[in-house]
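Per-entry structural report
As a plain string of letters, each chain reads:
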Amino acid sequence: MYKGLCCIVQGADHIAQNIICQDNAGGRYYERYGAAVVADGHGGTKYIRSDIGSRFAVESALNTIDAFMADYDAFTRAIRANSSYILTKIGEQFFARWTDKIEAYHREHPLTPEETEKISDDQSMSLYTFYGSTILAAVMAEDYYYGFLVGDGGFVVVNEEACVSIPIEDQNSYANYVSSICSRNAFDAFASFYREGTPLCLAVSTDGLIKSFGSEEDFKNYHVLLSASLQDLDKCRESIEKNFRKRTSQGSGDDISISLVTDPQRLKAGMDRINEKVSEQLEKKKNREQEEERARLKAQKEEDMRRMRSLEGNVVQLQRRQEELKRQIQELLEQMPRM
Amino acid sequence: MAEMNLDFEDVTFSDFKDESQSEFDNPLESLPPAKKNMVMFFVIDTSSSMAGSRIDTMNEAMRNVLPELIGVGGTNTDLRIAVLTFSSGTEWITSEPMILEEYQDWKDLVADGVTDLGEALTELNEKMSRKSFLRAPSLSYAPVVFLITDGFPTDNYQKGLELIKNNKWFQVGIKMALALGDGVDMDVLAEFTGDEAFVVQANNLSQMKALIRTIAVTSSQIGSSSMPLVSEDLLAPGDVVKRGPTKQEQMKEILQDIRIDIMNGAEGSYFDVEDGW
């Protein structure tokens, strides 16, 4: 039986600005596969219902995966035979389900006068824009795994050797721009992958998490640490939540969500390797900190030397000035009429 | 005097429990959060025409502005500095974007050679990418690019300009240019910034010093600010949604004020003979 966990934390900036949490996350765990999904609703005045859009995105992704994998053996044969075709079909169905949900919801809940006022300047927007969101979905099966995304965030695979990789990422993300499932040609931004193998864990997270790291290496290392604590899912979730609160308040400021899926038996078998990786990381971290301390001390010493040289220069100047004054006094004394 | 409440019955042990966890309690704490960060690019002309008082003033202005920039992004943002010089070729003074607090020791630039602006823009385009200077995941803001020059490009600048104008980071960043004196090809600078409103001309050394300071500080403040998110409808490419505001527009308004304050104010009189070029 596959297992997993989800965690959503409202962004510190969102709390400060009284903005609703626009992230959503979900997971479904079965005997032969497990799925993990997150979605990040866009911020901004026009994306007035992006929290609902991201919720529907998570539901649509999970429902699509379940629909395709209802006959597990048939699906396995199909994706092995032609993964890109199957993944394209999964993408198409995901978009169809999401747009259906949005249209149905919008019919039942037309825009309120307040909402209409917010977007009244622009009549050209499609209704999907109000619900703009990203989507990241990961599926772990018996001896293969796959995933898809539209928009930024983190998609992480921890393999049998406890090595971390990022199999897909949004190619259009830069600065504050990101691909969206609400755009007219959203399918162009649909990225997917399929691999054979038995990873220990798959994790998808919204961009608030990766943006709270100074380097991609740290982001990857974080997932090794997560894997090390996955055996106790409740405790792990508690640790993640506390850590996310810190990461959003001291880092990205954004909502942060994660969804993880793992096979407990594989995880148990790979725990020694995970622990080795954690030890390696801690050792590297210790070395790095020592190096940084050495560099800091060296810089401090250089600064002290520079100041000393500057003081020495001042002393020399003062001595010269003293000599000059002595000479001037001497001259004055010599010019004075003899008493 | 008010009575002190000494009733501890409702207080439980958990009320005293420290919410913060060390990395011993929670291994995830061993990777502390990184602050948001923004890169400010200075692209500086060090051709021979800059020699003398111009390069001296430039060095002085840069030495003075670096400490002033500390803290402009607030406590949650790291401002990083990248400095590219160009004359006969280009040179990165910073091997990578440096955290401002650690980059306070400005090494004086020396002026010599021709004005290879095209090569500088090509180099800038190469580094302005996720695979290079902008690789930190915590990079939350579009960059600020500040070009300072006193002459005409001596190379084929069009190729470099075309490259940089197609760079997505450059497109969304704040771009400004400072022309030193009247021997500058203003059209090239307007092409670089995309709008002549972002090109400012300094007519003497004190204006130059004041403009470098004011533009650097203001643009980094705007660039690193977390403004309320506004958005536009889906843009022309269709597959990309804009999450943040156009800070360039905000900079445009401020540059108008800067022009009034500095160009017409007491800080730099055009007729100040001693400060003249």
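As a reminder, the structure under discussion sits directly above these lines.
Here we summarise the structure given alongside this text. Treat the numbers as computed from the prediction; the structure is a model and nothing was measured. (Residues numbered from 1 in each chain as written. Chains lettered and ligands numbered in written order. Predicted model: local features only at pLDDT ≥ 70, side-chain atom pairs only at ≥ 80, totals over all residues.)

1. Focus on the overall build of chain A
Defined as follows: For helices the rule is a DSSP run of H or I covering at least 4 residues; for strands it is a run of E covering at least 2, with both sets numbered from the N terminus onward. The reference for a compact globule is 2.2 Å times residues^0.38; the radius of gyration itself is calculated from the C-alpha atoms. In this description, a residue-residue contact is defined by the distance between C-beta atoms placed from the backbone, which must lie within 7 Å.
Looking only at helices and strands, chain A features nine helices and eleven strands. Radius of gyration (C-alpha) of chain A: 30 Å, far over the 20 Å computed for a compact globule of 339 residues. Once the C-alpha set of chain A is aligned to its principal axes, its extents read approximately 120 × 60 × 35 Å. Considering only residue pairs separated by 6 or more positions, chain A has 76% of its internal contacts joining residues 24 or more positions apart.

2. Remarks on the environment of His14 of chain A
All names here are of chain A. Threshold: Three classes are used. A residue is buried when 20 or more other C-beta atoms lie within 10 Å of its own, exposed when 12 or fewer do, and partly exposed in between, with C-beta atoms placed from the backbone.
With respect to the helices and strands, His14 occurs in helix H1 (residues 12–16). Exposure remark for His14: the 21 C-beta atoms within 10 Å place this residue in the buried category. Measuring from C-alpha to C-alpha, the distance between His14 and Asp255 comes to 7.3 Å, with 241 residues separating the pair along the chain. Look past the residues within four positions of His14 in its chain and what remains in contact with it is Ile19, Cys21 and Asp255.

3. Things to note about the sheet that holds strand E3 (residues 33–40) of chain A
Residue and element names in this part refer to chain A. Stated precisely, the cut-off is as follows: Here, strands pair whenever DSSP counts at least two bridges between them. Orientation is described by axes fitted as lines to C-alpha atoms, over the contacting stretch for helices, and by angles from 0 to 180 degrees between their N-to-C directions.
In spatial order, the strands read E2-E3-E4-E5-E9; together these five strands make up an open sheet with antiparallel pairing. Two strands close off the open sheet at either side, each with one partner strand: strand E2 (23–29) and strand E9 (191–196). Between one strand and the next, the sheet's axes are offset by a mean angle of 5 degrees, whatever the strand orientation. The pairing of E3 with strand E4 (residues 135–141) spans six bridges and is classified as antiparallel. Paired with Tyr33 across the bridge in E4 is Ala141.

4. Description of the packing of helix H2 (residues 50–69) of chain A against helix H4 (residues 83–108) of chain A
Residues and elements named next belong to chain A. Stated precisely, the cut-off is as follows: Every angle not falling under 35 degrees, over 145, or within 65 to 115 is termed oblique; those three ranges are roughly parallel, roughly antiparallel and roughly perpendicular. Crossings are sorted by hand: turned counterclockwise from the far helix by less than a right angle, the near helix makes the crossing left-handed, and turned clockwise it makes it right-handed. Under the scheme applied, nonpolar residues are Ala, Val, Leu, Ile, Met, Phe, Trp, Tyr, Cys and Pro; charged residues are Asp, Glu, Lys and Arg; polar residues are all the others, including Gly.
Relative to each other, H2 and H4 sit at 135 degrees, their axes nearing to 8 Å. It follows that H2 is oblique to H4 by the angle criterion. Judged by the sense of rotation from one axis to the other, the crossing of H2 with H4 is right-handed. Residues Ile52, Gly53, Phe56, Ala57, Ser60, Ala61, Asn63, Thr64 and Phe68 of H2 pack against Ile90, Gln93, Phe94, Arg97, Trp98, Lys101, Ile102 and Tyr105 of H4. For the contact of H2 with H4, the per-class residue count stands at ten nonpolar, five polar and two charged.

5. Observations concerning the pairing of E2 of chain A
Side-chain direction in a regular strand flips from residue to residue, so the side chains alternate between the two faces of the sheet. Residue and element names in this part refer to chain A. Most of E2 is tucked away, with five of its seven residues classed as buried. In this sheet, E3 lies alongside E2 in antiparallel orientation, the contact comprising seven bridges. Considered in E3, the bridge of Ala25 is made with Val38. Here E2 folds back onto E3, and the loop between the two strands holds three residues.

6. Things to note about the environment of Cys163 of chain A
Residue and element names in this part refer to chain A. Relative to the helices and strands, Cys163 resides in the loop between strand E6 (154–158) and strand E7 (164–165). For Cys163, a count of 14 C-beta atoms within 10 Å corresponds to the partly exposed category. Placed 57 residues apart in sequence, Cys163 and Lys220 show a C-alpha to C-alpha distance of 8.7 Å.

7. Quick word on the nonpolar core
Quick reminder of the rule: In this description, a nonpolar core means buried residues of the types Ala, Val, Leu, Ile, Met, Phe, Trp, Tyr and Cys, linked to one another by C-beta atoms lying within 7 Å.
Ranked by size, the top nonpolar core spans 83 residues in total, and within it Ala35, Val37, Ala137, Ala138 and Val139 of chain A carry the most contacts. Top contributing element to this core by residue count: H2 of chain A, with nine residues. Not counting the four nearest positions on each side in its chain, Ala138 of chain A is found in contact with Ala35, Ala36, Gly147, Phe155, Leu202, Val204 and Val261 of chain A. One finds Leu69, Met128, Phe170 and Ala177 of chain B within the second-largest nonpolar core, a separate group that totals 74 residues.

8. Thoughts on the sheet that holds E6 of chain A
All names here are of chain A. Pairing is antiparallel across the open sheet formed by five strands, whose spatial order is E1-E11-E10-E6-E7. One side of each edge strand has no neighbouring strand; the edge strands of this open sheet are strand E1 (3–9) and E7. Alignment of E1 against strand E11 (residues 256–262), held across seven bridges, turns out to be antiparallel. Note on E11: the bridge partner recorded for Gly4 is Val261. On top of the sheet, helix H8 (residues 233–252) reaches E1 and E11; it is set at about 25 degrees to E1, its chief contact.

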